[in-house]
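Survey of secondary and tertiary structure
Here is what each chain is made of, one letter per residue.
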Amino acid sequence: MADPITLTIDGRQVKVPAGTLVIEAAKTVGIEVPSFCYYEGFSLQAACRMCLVEVEKMPKLQPGCTLPAAEGMVVYTESPKVVEARKGMLEFLLSNHPLDCPVCDKGGECELQDMTFRYGAGESRFVEIKHHVDEKQWSPAVYYDAARCILCYRCIRVCDEGLGVGALGLTYRGVAAEITPSHGDHLECDECGWCIDVCPVGALTSGTYRYKSRPWEMSYAGTICTHCSDGCKTTLSVRNGEVIRANNRDRSGVNGEFLCVKGRFGFDFVHSEERLQSPLLRKDGKLEPVSWSEALAAVAARFGEVKARNGKFGILGSTHTTNEENYFLQKFARQGLGTANIDHHRSGDVPALLDALSGKTGKLASSADLYNAKAALVIGSDLAQQHPFLAFQLRANFRHHQAAVYTVTSGTVREEQYAAKSLHCEAGQELASAQSLAEDLKKHGDLVILFGDAVRGQAVSQLVAFGESLGIPVKYVCLVDYANSRGAMDMGLLPDLGPGYHAAPAVGLSRDEMLAAADLDVLWVVGSNPFKTTAPAGTKTFTVVQDLFLTETAQRADVVLPAASAYEKNGTVTNVCGEVQRLKQGPKVMGTKSDLEIFGLLAKELGLNLGIWTADKVFEEIRRTVPGYNVPLPVIATGGAAQTAAVNGGVPSKGKPEYIRSAGDTLFTSGTLGRYSKMLNRVMEAPGQLYKP
Amino acid sequence: MTFSPELEAKFAKMIQNYPPGRQKGALIPMLLFAQDEVGSMTPELIDEVSKRLKVNRVEIEEVIGYYTMLTREPRGKHHVQICTNVSCMLTGGEELYQHACKKLGIGNKQKTADGQFSLEEVECLGACSWAPAMMVDYDFHFNVTPEKLDGLIESLKKTQ
């Protein structure tokens, strides 16, 4: 870094690195220079003129957002000239801005309101009739009210630079100028809705939230998105027990403000009419609603009976439930029921990666590493579709640090727009193709390798050997599908491995083998829908399903227990980069119980002593017993992310890598949850397609 | 969509005027020449130019919205543009424009029923020294009086 420079802002000495903008320099000493168009992390615009500051020896006021701080510069941010200029700018902005604040979605959290309150003039000299334009609907998610727009270009820049979509532009001039969507009258884009969040006024409004509430009438719960495995923080706005908005304006969490369509709009499955709100018990071949006590007693009775005669259990865990629930479930299975048959839908070979990296430290990339690495190699994943946040990190890295991104895929991916080199190959040949990039990769200071389910089993150790042969520091990310896919493995929902990838006392059946076993006495499916693709072989199997919806699996169950979704729970989840983060309960759906509570009640009914079943207590046990999970509690408790590696040593079992496969969700699908989200189904881009040219 | 062979040849030559990777610069001339042939900025035309120059569709929309010489509505065979900016207004441009409206029986950005003429009130044409000024298609006319305008329109009608 260049030598720091010293300047004076409002009489205070400020020391900043060379190249820092005046607006940022002021921030470091707690001086706010107001602005609309300036947005950290995106290109400079200098369109709004709100940030004008007075600089000694400069004849005119200067925009603080584009002026780099210089040695000895003397800046005034509150001089009479500046105050007058701000008043004038606000008077201009308000000259055609409708004063419909009482009904505007943004009212209460509007930057124009705040600035007028703080810096504005109470009166306007303009008496002209305002130019009115009717609101337009651009997509189910995005609405535009041109009259409210102050033309700050924020939406255009986040879409173009942040997402690489470029679906918004500005057309016409002067008073007629307005934002235009990609297809004239409608949007075709990622439908992420970031444009709505960054809009400083109420010009862009959200299809799910508009005209529903005032921001001060809601309670907020910062939790982790339950869709893909990237682990984005999403803050749920809850009103009268109903989630009506999700965003992350406070930039907490690994993702800052970034969210994709699932994080911002995909929460509506929570309030789907099809949510199960009462346990169902099969009576005379039909599923009938029953009380919780009746349902739990029925399950416990059968579990007890099968256990007593040493019958055969099969247990399928979930990739959406919390670490605490997964840990408790495997304990329930191994200690409580004495079975080794436990597994989940595996989508990436994390055990093989940990095994290959045995003895090495600092080899697992965090999501921040994707933004800071000099180079990245993506193998066998349509990242922008399957891992929107990771793709955003790479793109931001390229924009800010000119990182070299390489892709090796079986089809076209969006990263190719800016990638240093992209290779296409037959599906399954990804690893072999990637090795031809060795000479290119060696040139860079460090590298992050991201690989999907195309690389599994033996291929993972080949990949690691290849990475280590490059002679540069390399970190790895094994891409997995869902919110807690990684946690499910770390917590030992595997037939051969217990929590922390320790060898399980006995090796049980894997998921596919359980479904193919005709002699299972009990199949207990927690938050998973295996029967959608595979019909179970067992005809006499007693099937218990815990789920949010009457899925294909639940329809064939003997007992269905209505579970709470991740948004209705407390606990922790682990994202694709191994970052542990906390879930915070937002709404509550009547009639449901969290999976942990269901496990606890069943254990009690069966007379098993598995410990206290509150999320906090189980997490304490996890911290004590699972290697790597001894994460700093203050970080977790304050909503931070703590990276973990659940093992550093050889993994004693190779498992059955042939059963590892990604569900291949796109940006607009999310397994079972996605099917029950109206918004994800209503946008015209849905369901989308991987490797779309 | 396809253009006439002459226009295609023009485009092929034009593209070479820009250094590699900067072909985007051909956007405005390409739109202008294409408009002369197609008549207006049709969605098909925008798609075609977007494909050829590898420019995002929205960026083309931005350019079309910004420049008044690009139009989404087809114009008349002859496009009459009359300046009413300061210099022209002081020397009778405003009256000239009103006269043209009456003469052609149309208003700003409208087209005569027979499709022969369209009229537009424009900002400075850069001919203040010879105000009032007007443009018909690509031709300038200086020191225009209502009589000169009548004569011009009659002669254009005759050349149909």
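Keep in mind that what you see is a predicted model, and the values were worked out from it rather than measured. (Residues numbered from 1 in each chain as written. Chains lettered and ligands numbered in written order. Predicted model: local features only at pLDDT ≥ 70, side-chain atom pairs only at ≥ 80, totals over all residues.)

Considering the overall build of chain B
Each helix and strand in chain B was counted, giving 7 helices and 5 strands. When the helices and strands of chain B are read in sequence order from the N terminus, they spell out α-α-α-α-β-α-α-β-β-β-β-α. In chain B, once contacts between residues fewer than 6 apart in sequence are set aside, the share between residues at least 24 apart is 58%. (Helix = DSSP H or I, 4+ residues; strand = E, 2+ residues; numbered from the N terminus. Contact = placed C-beta atoms within 7 Å.)

Concerning the overall build of chain A
Helix and strand counts for chain A come out as 23 helices and 28 strands. Here the C-alpha atoms of chain A give a radius of gyration of 27 Å, agreeing with the 26 Å that 2.2 N^0.38 yields for 693 residues. In terms of overall dimensions, chain A has a C-alpha envelope of 90 × 60 × 45 Å along the principal axes. Across the 693 residues that make up chain A, the buried fraction comes to 54%. (Rg over C-alpha atoms; globule rule 2.2 N^0.38 Å. Buried ≥ 20, exposed ≤ 12 C-beta atoms within 10 Å, placed from the backbone.)

Remarks on the interface of chain B and chain A
If you look at the interface, chain B gives 8 residues, while chain A gives 10 residues. Residues belonging to the side of chain B that touches chain A are distributed by class as follows: 2 nonpolar, 2 polar and 4 charged. (Nonpolar A, V, L, I, M, F, W, Y, C, P; charged D, E, K, R; others polar.)

Quick word on the domain arrangement of chain B
Under the domain assignment used here, chain B contains domain 1 (5–66) and domain 2 (78–158). Here domain 1 of chain B and domain 2 of chain B have C-alpha centroids that lie 28 Å from each other. (Domains from an automatic or database assignment.)

Let's talk about the sheet that holds strand 6 (residues 136–137) of chain A
All names here are of chain A. Strands sit in the order 6-7-10 across an open sheet of 3 strands; the sheet is antiparallel. Single-partner strands in this sheet number two, and they are strand 6 and strand 10 (204–206). Direction of pairing for strand 7 (residues 142–144) relative to strand 10: antiparallel, over a ladder of 3 bridges. What sits directly across from Val 142, in strand 10, is Ser 206. (Pairing = 2+ DSSP bridges.)

Comments concerning the confidence of the model for chain B
Averaged over every residue, the pLDDT of chain B is 93; residues scoring 70 or more account for 99%. Scored by ipTM, the complex comes to 0.83, with pTM at 0.92. (pLDDT = per-residue confidence, 0-100.)

Regarding the nonpolar core
In terms of nonpolar packing, the biggest core is built from 214 residues, with Cys 155, Cys 159, Cys 195, Ala 376, Ile 379, Ile 449 and Leu 450 of chain A touching the most fellow members. A total of 6 residues in this core trace back to one element, the largest contributor, which is helix 12 (residues 388–401) of chain A. Look past the residues within four positions of Leu 450 of chain A in its chain and what remains in contact with it is Ala 376, Val 378, Ile 379, Ser 381, Leu 390, Val 477 and Leu 479 of chain A. Among the nonpolar cores identified, the runner-up in size contains 16 residues, and Cys 83, Tyr 97, Leu 119 and Met 134 of chain B belong to it. (Core = buried A, V, L, I, M, F, W, Y, C linked by C-beta atoms within 7 Å.)

Observations regarding the pairing of strand 3 (residues 52–55) of chain A
All names here are of chain A. Inspection of the sheet shows strand 3 paired to strand 4 (residues 62–63) by 2 bridges, in the antiparallel sense. Bridging from a neighbouring strand, Leu 52 pairs with Pro 63 of strand 4. Counted between consecutive antiparallel strands, the loop separating strand 3 from strand 4 contains 6 residues, among which Lys 57 sits at a positive phi close to 70 degrees. Note: strand 3 against strand 5 (residues 74–76), 2 bridges, orientation antiparallel. Paired with Val 55 across the bridge in strand 5 is Val 75.

Details of helix 12 of chain A
Residues and elements named next belong to chain A. An ideal rise of 1.5 Å per residue puts 20 Å on 14 residues; helix 12 measures up with 19 Å between its terminal C-alpha atoms. Those residues of helix 12 lying buried are Pro 388, Phe 389, Leu 390, Ala 391, Phe 392, Gln 393, Leu 394, Arg 395, Asn 397 and Phe 398. Those residues of helix 12 that are buried are in contact with helix 4 (154–162), helix 10 (367–372), strand 18 (375–379), helix 11 (383–386), strand 19 (404–409) and strand 21 (447–451). In the segment just after helix 12, Gln 402 is the residue with positive phi, at about 55 degrees. (Expected span 1.5 Å × (residues − 1).)

Some remarks on the sheet that holds strand 22 (residues 474–478) of chain A
All names here are of chain A. Within the open sheet, the 5 strands sit side by side as 20-19-18-21-22. Their pairing is parallel. The two strands at the open ends of the sheet, each matched to only one other strand, are strand 20 (421–424) and strand 22. On average, adjacent strands in this sheet sit at an angle of 10 degrees to one another, irrespective of strand direction. In this sheet, strand 21 lies alongside strand 18 in parallel orientation, the contact comprising 5 bridges. Of the residues in strand 21, the one forming a bridge with Ile 379 is Phe 451. (Axes fitted to C-alpha atoms, helices over the stretch in contact; angles between N-to-C directions.)

So, the domain arrangement of chain A
Domain boundaries assigned for chain A yield domain 1 (4–78), domain 2 (100–217), domain 3 (280–347 + 484–650 + 669–679) and domain 4 (350–479). Computed over C-alpha atoms only, the centres of domain 2 of chain A and domain 3 of chain A are separated by 43 Å.

Here we look at unusual backbone geometry
Between Ala 686 of chain A and Pro 687 of chain A the backbone carries a cis peptide bond, its omega angle lying at 0 degrees. Residue position: Pro 687 of chain A is located in the segment after helix 23 (678–682). Here Ala 131 of chain B and Pro 132 of chain B are connected by a cis peptide whose omega angle stands at -10 degrees. Along the chain, the position of Pro 132 of chain B falls in the loop between strand 3 (117–122) and strand 4 (134–136). For Arg 251 of chain A, which is not glycine, the phi dihedral falls at a positive 60 degrees. Although it is not a glycine, Gln 402 of chain A sits at a positive phi angle of roughly 55 degrees. Relative to the elements of secondary structure, Gln 402 of chain A occurs in the loop between helix 12 and strand 19. Judged by the 10 C-beta atoms lying within 10 Å of it, Gln 402 of chain A is exposed.

Points about the packing of helix 8 (residues 323–336) of chain A against helix 20 (residues 615–625) of chain A
Residues and elements named next belong to chain A. Two elements in contact, helix 8 and helix 20, have axes separated by 9 Å at closest approach and are oriented at 70 degrees. Judged on the interaxial angle alone, helix 20 and helix 8 are roughly perpendicular. Contacts from Asn 323, Glu 324, Tyr 327 and Phe 328 of helix 8 reach helix 20 at Ala 615, Val 618, Phe 619 and Ile 622. Each residue belonging to the contact of helix 8 with helix 20 can be placed in one class, and the counts come to 6 nonpolar, 1 polar and 1 charged. (Parallel < 35°, antiparallel > 145°, perpendicular 65-115°, else oblique.)

A word on helix 20 of chain A
Residue and element names in this part refer to chain A. What helix 20 keeps buried is the set Ala 615, Val 618, Phe 619 and Ile 622. Axial view of helix 20: buried residues confined to an arc of 100 degrees, hence all on one face. Among the exposed residues of helix 20, those oriented more than 90 degrees off its buried face are Asp 616 and Arg 624. Each element contacted by the buried residues of helix 20 is listed here: helix 8, strand 26 (571–574) and helix 19 (595–606). (Arc of directions from axis to C-beta.)

Considerations on the environment of Asn 247 of chain A
Residue and element names in this part refer to chain A. Here Asn 247 shows up in strand 13 (residues 242–247). Judged by local crowding, Asn 247 falls into the buried class, with 21 C-beta atoms found within 10 Å. Put simply, Asn 247 and His 401 are 154 residues apart on the chain and 27 Å apart in space, counted from C-alpha to C-alpha. Filtering out sequence-adjacent residues up to four positions away, Asn 247 remains in contact with Asp 197, Thr 235, Leu 259 and Arg 264.

Side note on the confidence of the model for chain A
The predicted coordinates ought not to be read in detail in places where the model reports low pLDDT. On average, chain A scores 94 in pLDDT, and the residues at 70 or more come to 100%. For chain A, per-element mean pLDDT is lowest for helix 21 (residues 633–637) of chain A, which scores 92, and highest for strand 25 (residues 559–562) of chain A, which scores 98.

Description of the environment of Asp 190 of chain A
All names here are of chain A. Residue placement: Asp 190 occurs in the loop between strand 9 (178–181) and helix 5 (194–198). For the pair Asp 190 and Cys 260, spaced 70 residues apart in sequence, the C-alpha to C-alpha distance is 7.5 Å. In contact with Asp 190, not counting residues within four places along its chain, are Leu 163, Val 165, Cys 260, Val 261 and Leu 667.

Details of the pairing of strand 25 of chain A
In regular strands, side chains alternate between the two faces of the sheet. Residues and elements named next belong to chain A. Neither face of strand 25 is left uncovered, since the one carrying Val 559 and Leu 561 and the one carrying Val 560 and Pro 562 both have all their residues buried. Alignment of strand 14 (residues 280–283) against strand 25, held across 2 bridges, turns out to be antiparallel. By the bridge assignment, Leu 281 is partnered in strand 25 with Val 559. Of the strand pairs in this sheet, strand 24 (residues 542–547) and strand 25 are connected by 4 bridges, and their pairing is parallel. Bridging across to strand 25, Asp 547 finds its partner in Pro 562.

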